[in-house]
Amino acid sequence: MLIADDEEHVREGIELAVDWGKFGISQRLTAEDGLQALELIRLHNPAVLFCDMSMPHMGGTELLQQLREEGWGTQVIVVSGYDDFPYTQAAIRANGVDYLLKPFRKSDLERALTRAVAAWQKQENSLREDRETEFRIRKADALLDEQKLAVYFKGETPLHEGLRSVFFKIGLPMEQLRVALVLPRNRTALIERRFFGDGELFVFAVNNIAHETLKSYGSYYLCRLDGYQWLLITAAEGSAKALPGEHRRYMDKVKEAWRSTLGLEVLIGLCETEAAVETLPAASVAARSALLKCDLLHPGRPAGSGKQAPRLMDQQLLLQTALNNENKTYAAEIIRSFTQALRDRGDLSLKELHAYTMEANVLLERASRLRNPGADAADASMPLWISDLDEWEKLLIQSWWMLIEEKGSESSGTHGIQAIHDYIHRHFQEELSLSSLSERFRFSPQYIAKKFKELYNTTLMTYLTELRMEKAKSLLLHTDMTVSAMAGSLGYTDENYFSKVFKKHTGVSPLQFRKQRRDS
């Protein structure tokens, strides 16, 4: 709030007459003339201006005209000793909310301030909605562009002028491009553990880190081909163009930045030659071929010990027995024994794991048809481009559990979900996720999510968040615990993320909540 008046007693009178906290005003500024007021408005953009009309250097009429021309949203309350139409007219033109004649009463001042604050809040809400709408449109537009490019990079559509225009929009040249195929290894666990299921926030963080790392190299674009494959296209600029090995060096820098900042582990395959926009699908294939040779047990070196690889198909009879007996423990033991045999072999190429994934999907489809003739087995299939053996093992176990759950006892399933509900109540301050609950209670994450929603009419993660937020409110009201310590005690490793969730839940930040409730 800004008071512009050349009379000190008027400025002090307005300041002392109002309980500013009641109106949500935390900062009060004063100016002795219009020029000083204009400088403060440009610097602080106040919500409300109390403006005298007769001031030295720049009067109220000129100040309000300047506000209108510069487009400031400040709400104006004219305070004047003159009942003169030109002054009133100037206030109206500046979208003034009131015109108070000196001397004024406190009640008149507060009524005018109430209208001004309400008008400013309405204006801010409208601007916020406009910004959010614009952001959603830009986000949807960017997602559509990414989908168009992904289809092209995978060789599923020819190059056309529409795609060329997308390249222009994202700021990439049409030639001298470098291609790297990126496989995030622990993406699923990281999204659950660190981002609490918020995949979009994860992608935002990944892109931010890539931007900070590559801005000295040149322009780039990170395109998600699917949940497990990202294509990173770069165009070197300046001295980076001429230096041999610069592309590989920067890809290693991005890889290390993701690991050290987010804990994200990735495999990166490089196309060794430059590409033009027309040859990007072929460059993507070359990068993928380089990746398929990677040793997943010892990243950074090519696979090939020469030892005979075990066959997943040999486990079909045992897995079918576990399925027929609805024995989840036995199914998990069979799969863990197989993956341990892969580890004991000493090396495992991505190409071999790729083949094991296809074998696994054949077994799952056969088992599903035997168990439920005519049913669709797609929900139980494994993603093809998993590049981490631990995640592969976990997903395969969960897929067999899903088959068992399809015809499992409804009452035992209900009791299991109730047990999960009780466990969340006792352990909500710990690091909980669908995966961790799946491992503890031996249900697939999909089954837990579906049955929890059916039983409690809310998602499990929403329920967990609400429990944590209620505890946070209590801690804010009854203790002096810092926000950082509070976030840690409630299972959040990131204080900023905790504050964001709290504000989304309550409308205010944790510290604002504490201040408002204690003041009231």
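Residues numbered from 1 in each chain as written. Predicted model: local features only at pLDDT ≥ 70, side-chain atom pairs only at ≥ 80, totals over all residues. Heavy atoms only, no water.

### Points about the overall build of the protein chain
Then step 1. Each helix and strand counted, the protein chain has 21 helices and nine strands in total.
Then step 2. Dimensions of the protein chain, computed from C-alpha atoms along their principal axes, come out at roughly 95 × 65 × 40 Å.
Then step 3. Within the protein chain, the proportion of its 520 residues that are buried is 46%.
Then step 4. By sequence separation, contacts in the protein chain at least 24 residues apart represent 68% of the contacts at least 6 residues apart.
Then step 5. Total accessible area on the protein chain is roughly 26500 Å²; 51% of this is exposed by carbon and sulfur atoms.
Then step 6. One finds the centroid of the 65 positive side-chain charges in the protein chain at a distance of 5 Å from the centroid of its 72 negative side-chain charges. (Helix = DSSP H or I, 4+ residues; strand = E, 2+ residues; numbered from the N terminus. Buried < 20%, exposed > 50% of the residue type's maximum accessible area, 1.4 Å probe, protein only. Contact = heavy atoms within 4.5 Å. Areas by Shrake-Rupley, 256 points an atom, 1.4 Å probe, with all protein chains shown as cover. Lys, Arg positive; Asp, Glu negative; His and termini not counted. Charge placed at Lys NZ, Arg CZ, Asp CG, Glu CD.)

### A short note on the sheet that holds strand E1 (residues 2–4)
Then step 1. Strand order in the open sheet made by the five strands is E2-E1-E3-E4-E5, with parallel pairing throughout. What marks the edges here is a single partner per strand, and that holds for strand E2 (29–31) and strand E5 (98–101). Neighbour-to-neighbour, the strand axes of the sheet open up by a mean angle of 15°, direction not taken into account.
Then step 2. Where strand E3 (residues 48–51) and strand E4 (residues 75–80) come together, four bridges link them in parallel fashion. (Pairing = 2+ DSSP bridges. Axes fitted to C-alpha atoms, helices over the stretch in contact; angles between N-to-C directions.)

### Section: empty space enclosed by the protein
Then step 1. A complete count under the given rule lists one cavity of 30 Å³ or more for this structure.
Then step 2. Its volume calculated, the largest cavity comes out at about 40 Å³.
Then step 3. As for the largest cavity, its lining consists of Gln-316, Gln-320, Leu-363, Arg-366, Ala-367, Leu-370 and Trp-400.
Then step 4. Residue assignment for the lining of the largest cavity shows that the elements contributing at least two residues are helix H11 (316–324) and helix H13 (350–371). (1 Å grid on protein atoms, 1.4 Å probe; cavity = no way out; pocket = protein on both sides within 12 Å on 5 of 7 lines; lining within 4 Å. Points joined across faces, edges and corners; volume = space filled by probe spheres on them.)

### A word on the packing of helix H18 (residues 460–478) against helix H20 (residues 495–506)
Then step 1. One can describe the packing of H18 onto H20 by two numbers: an axis separation of 11 Å at closest approach and a directional angle of 95°. Here H18 lies roughly perpendicular to H20, going by the angle between them. Between H18 and H20, the contacting residues are Thr-465, Glu-466, Met-469, Glu-470, Ala-472, Lys-473 and Leu-476 on the first element and Phe-498, Val-501, Phe-502, His-505 and Thr-506 on the second.
Then step 2. Classifying every residue of the contact of H18 with H20 gives six nonpolar, three polar and three charged. (Parallel < 35°, antiparallel > 145°, perpendicular 65-115°, else oblique. Nonpolar A, V, L, I, M, F, W, Y, C, P; charged D, E, K, R; others polar.)

### Focus: a negative patch on the surface
Then step 1. A cluster of like negative charges, contributed by Asp-6, Glu-8, Glu-12 and Glu-32, occupies part of the molecular surface.
Then step 2. Within the secondary structure layout, Glu-12 lies in helix H1 (residues 8–17).
Then step 3. Note on Glu-12: relative accessible area 40%, which makes it partly exposed. (Patch = residues over 30% accessible without salt bridge, like charges linked within 9 Å, V, L, I, M, F, W, Y side chains within 5 Å. Salt bridge = Lys/Arg side-chain N within 4 Å of Asp/Glu carboxyl O.)

### A look at the side chain of Arg-288
Then step 1. Residue placement: Arg-288 occurs in helix H10 (residues 280–292).
Then step 2. One polar contact links Arg-288 to Gln-229, side chain to side chain, over a distance of 3.0 Å.
Then step 3. Sequence-distant contacts of Arg-288, that is, excluding residues within four places in its chain, are made with Leu-181, Leu-225, Gln-229 and Trp-385. (Polar contact = N/O pair within 3.5 Å; in protein donor to acceptor, adjacent residues only side chain to side chain.)

### What about unusual backbone geometry?
Then step 1. With a phi close to 55°, Gln-176 is a non-glycine residue in the positive phi region.
Then step 2. Looking at where Gln-176 falls in the secondary structure, it is placed in the loop between helix H6 (161–170) and strand E6 (178–184).
Then step 3. A relative accessible area of 42% places Gln-176 in the partly exposed class.

### Considering the sheet that holds strand E9 (residues 266–270)
Then step 1. One open sheet holds the four strands; their spatial order is E7-E8-E6-E9, and the pairing between them is antiparallel. Edge positions in the open sheet fall to strand E7 (218–224) and E9, since each of these has one partner strand only. Within this sheet the neighbouring strands show an average axis-to-axis angle of 20°, counted without direction.
Then step 2. Both E6 and strand E8 (residues 230–236) contribute to a ladder of five bridges, which runs antiparallel. Note on E8: the bridge partner recorded for Val-182 is Trp-230.
Then step 3. Across the face of the sheet, helix H5 (residues 106–153) comes into contact with E7 and E8 while running at roughly 85° to E7.

### Describing the packing of helix H16 (residues 434–441) against helix H17 (residues 445–456)
Then step 1. Relative to each other, H16 and H17 sit at 100°, their axes nearing to 9 Å. When the axis of H16 is compared with that of H17, the two are roughly perpendicular. On the side of H16, the interface is formed by Leu-434, Leu-437 and Ser-438, while H17 contributes Pro-445, Ile-448 and Ala-449.
Then step 2. Among the residues forming the contact of H16 with H17, the class breakdown is five nonpolar, one polar and no charged.

### Digging into the packing of aromatic side chains
Then step 1. This model, assessed by the stated rule, comprises 17 aromatic pairs.
Then step 2. Ring geometry for Tyr-152 and Phe-153: centres 5.9 Å apart, planes at 50°, overall tilted. Each member of the pair, Tyr-152 as well as Phe-153, carries the same accessibility label: buried.
Then step 3. Ring centres of Phe-202 and Trp-230 lie 6.1 Å apart, and the angle between their planes is 45°; on these two criteria the pair is classed as tilted. Taken as a pair, Phe-202 in helix H8 (residues 199–214) and Trp-230 in strand E8 lie far apart in primary sequence, 28 residues in all.
Then step 4. Of the aromatic side chains, those joined through ring pairs into one cluster are Tyr-492, Tyr-497, Phe-498, Phe-502 and Phe-513.
Then step 5. Across the ring face of Tyr-228, the terminal group of Arg-187 is positioned such that the distance to the ring centre comes to 4.9 Å. (Phe/Tyr/Trp six-rings, centres within 6.5 Å; stacked < 30°, edge-to-face > 60°. Lys NZ or Arg CZ within 6 Å of the ring centre and 35° of its normal.)

### Some words on H17
Then step 1. With twelve residues, H17 ought to run about 16 Å at 1.5 Å a step, and its terminal C-alpha atoms sit 16 Å apart, in line with that.
Then step 2. Where H17 is concerned, the buried positions are Pro-445, Tyr-447, Ile-448, Lys-451 and Phe-452. The arc enclosing the buried residues of H17, seen along the axis, measures out at 150°, which places them on a common side.
Then step 3. Directly beyond the C-terminal end of H17, a positive phi value near 60° is found at Asn-457. (Expected span 1.5 Å × (residues − 1). Arc of directions from axis to C-beta.)

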